[in-house]
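# Examination of the molecular architecture
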Amino acid sequence: MPGDARMVPEEHGGAGAELADGFAILGVAGRYAAAVPLAETLLAGWLLARARLERARGAMSVAPARTGRQITAEPDGTLSGQARGVPLPKRQSNLAVLAGASVALVETAACRLNDGTNLASEP
């Protein structure tokens, strides 16, 4: 899969579209200011496919990895840590999370979410 130029291959629950197709779709959505978490869902799906994990149904978001605020995978499989700047977490039921060298699919219901807004006053 390293040389694969697909967003999310069919065998991982995606449509098998090329990366260029995903960027074209994002361009159209941006041109019309579509108020949907499209970029977040595409990125989460791509990340999960790279980790060979089945993607969740519906919209997803990504917990950004930041220096000093990493999420770690414990030996028992649980995750610990804090992610800041997660786009629209309360509107998604799942997050793709980088935990060290691992990727995990986490239900937002299992997370403690704090309210916050970006520069555009969006959640």
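Residues numbered from 1 in each chain as written. Predicted model: local features only at pLDDT ≥ 70, side-chain atom pairs only at ≥ 80, totals over all residues. Heavy atoms only, no water.

## With respect to the overall build of the chain
Under the convention used in this document: Each helix is a run of H or I in the DSSP string that is no shorter than four residues. Each strand is a run of E no shorter than two, and both are numbered from the N terminus. Radius of gyration: over C-alpha atoms. The globule rule applied is 2.2 Å multiplied by the number of residues raised to the 0.38 power. Burial classification: accessible surface area is computed with a 1.4 Å probe over protein chains only, and a residue below 20% of its type maximum counts as buried, one above 50% as exposed, and the rest as partly exposed. Residue contacts are defined here by distance: any two heavy atoms, one from each residue, within 4.5 Å place the two residues in contact. Throughout, the Shrake-Rupley method with a 1.4 Å probe supplies accessible areas, and for residues the shown protein chains are the sole cover considered. For the purpose of counting charges, residues Lys and Arg are taken to be positive, whereas Asp and Glu are taken to be negative. His and the chain ends are not included. Each charge is placed at NZ for Lys, CZ for Arg, CG for Asp and CD for Glu.
Across its full length, the chain carries 2 helices and 5 strands. Order of helices (α) and strands (β) in the chain, N terminus to C terminus: α-α-β-β-β-β-β. On C-alpha atoms alone, the chain measures out to a radius of gyration of 15 Å, which is about the 14 Å that the 2.2 N^0.38 rule sets for 123 residues. Counting only C-alpha atoms, the chain reaches 35 × 35 × 25 Å along its principal axes. Counting every position in the chain, which comprises 123 residues, the buried fraction comes to 28%. Of the contacts made within the chain by residues no fewer than 6 positions apart, 44% connect residues no fewer than 24 positions apart. With the model as given, the accessible surface of the chain reaches about 7900 Å², and the carbon-plus-sulfur share is 55%. Looking at charge distribution, the chain has the averaged site of its 12 positive side-chain charges lying 7 Å from that of its 12 negative ones.

## Section: the layout of surface pockets
Rules: The distinction between a cavity and a pocket rests on a 1 Å grid over the protein atoms alone: a 1.4 Å probe fits inside a cavity but cannot get out, while a pocket stays open yet meets protein on both sides within 12 Å along at least five of seven lines, and a residue with an atom within 4 Å of a point counts as lining. Grid points are joined across faces, edges and corners, and a volume is the space filled by probe spheres set on the points. Note on residue categories: nonpolar means Ala, Val, Leu, Ile, Met, Phe, Trp, Tyr, Cys or Pro, charged means Asp, Glu, Lys or Arg, and polar means any other residue, Gly included.
Quantified by volume, the largest pocket comes out at close to 1100 Å³. Lining the largest pocket are 33 residues, and of these Ala83, Gly85, Val86, Pro89 and Leu113 sit closest to its centre. For the lining of the largest pocket, the secondary structure elements donating two or more residues are strand S3 (79–80) and strand S4 (94–99). Of the residues that constitute the lining of the largest pocket, the class distribution is 18 nonpolar, 8 polar and 7 charged. Here the second largest pocket is characterised by a volume of approximately 160 Å³.

## Some words on the confidence of the model for the chain
Here is the rule we go by: Every residue carries a pLDDT, the predictor's confidence in it, which falls somewhere between 0 and 100.
When pLDDT is averaged along the chain, the result is 84, and 97% of the positions lie at 70 or above. When pLDDT is averaged over each helix and strand of the chain, the minimum, 88, is found for strand S2 (residues 72–73) and the maximum, 92, for helix H1 (residues 19–31).

## A look at the pairing of strand S1 (residues 60–63)
Condition: Strand pairing is assigned whenever DSSP identifies at least 2 bridges connecting the two strands.
Neither face of S1 is exposed, since Met60 and Val62 on one face and Ser61 and Ala63 on the opposite face are all buried. Examined bridge by bridge, S1 and S4 share 4 bridges and lie parallel to one another. Its bridge partner lying in S4, alanine 63 is registered against valine 97.

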